[in-house]
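# Observations on the model geometry
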Amino acid sequence: MVEASVHVPSGRLTILGCSDYLPDAARFDVPAGWMRVRVSRSGLAVAAGDPEGSAPEGIRLQIWPAPQRELRVITRWTRPTNGA
């Protein structure tokens, strides 16, 4: 889980993944100015153990108005070992 500050002077935020097409990307109205974004992921252990890459992995974005602050790593995922 990571938090970061994003400046959104237009009040319009666009969210897209690495393979998304910009004209079709999700757009959201937010208050203009500094926003805080928290990104968290779920299902990483299952996805890491799936050699075919078909296991579901979730990404959650939370966004709220907040003053600019430094990047903050809240939790870091560590790939589980197989006991070796």
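As the structure is a prediction and not an experimental result, all values here were calculated from the model. (Residues numbered from 1 in each chain as written. Predicted model: local features only at pLDDT ≥ 70, side-chain atom pairs only at ≥ 80, totals over all residues. Heavy atoms only, no water.)

## Looking at the overall build of the chain
Helix and strand counts for the chain come out as one helix and six strands. Secondary structure elements of the chain occur, N-terminal to C-terminal, as β-β-β-β-α-β-β. Relative to its full complement of 84 residues, the chain shows a buried share of 19%. In the chain, of all internal contacts separated by at least 6 residues, the share reaching a separation of at least 24 is 62%. Accessible surface, the chain: about 6400 Å² in total, of which carbon and sulfur atoms supply 54%. (Helix = DSSP H or I, 4+ residues; strand = E, 2+ residues; numbered from the N terminus. Buried < 20%, exposed > 50% of the residue type's maximum accessible area, 1.4 Å probe, protein only. Contact = heavy atoms within 4.5 Å. Areas by Shrake-Rupley, 256 points an atom, 1.4 Å probe, with all protein chains shown as cover.)

## What to know about the sheet that holds strand 6 (residues 72-73)
Reading across the sheet, the four strands line up as 5-4-1-6 and stay open at both edges, with antiparallel pairing between neighbours. Each edge of the sheet is formed by a strand with only one pairing partner; in this case those strands are strand 5 (58-65) and strand 6. (Pairing = 2+ DSSP bridges.)

## Structural notes on the pattern of salt bridges
In total, this model carries four salt bridges according to the counting rule given. Between R12 and D29 there is a salt bridge whose closest N-O contact spans 2.9 Å. Taken together, the residues R12 in strand 2 (residues 12-15) and D29 in strand 3 (residues 26-29) connect sequence positions 17 residues apart. A relative accessible area of 40% means that R12 is categorised as partly exposed. We classify D29 as exposed; its relative accessible area is 64%. Salt bridges sharing common partners tie together E3, R36, R38 and R69. (Salt bridge = Lys/Arg side-chain N within 4 Å of Asp/Glu carboxyl O.)

## Considering the environment of S40
Summarising the element assignment, S40 is placed in strand 4 (residues 33-42). You can call S40 buried: its relative accessible area is 17%. Those residues in contact with S40 that lie beyond four places of it in its chain are M1, G58, I59 and R60.

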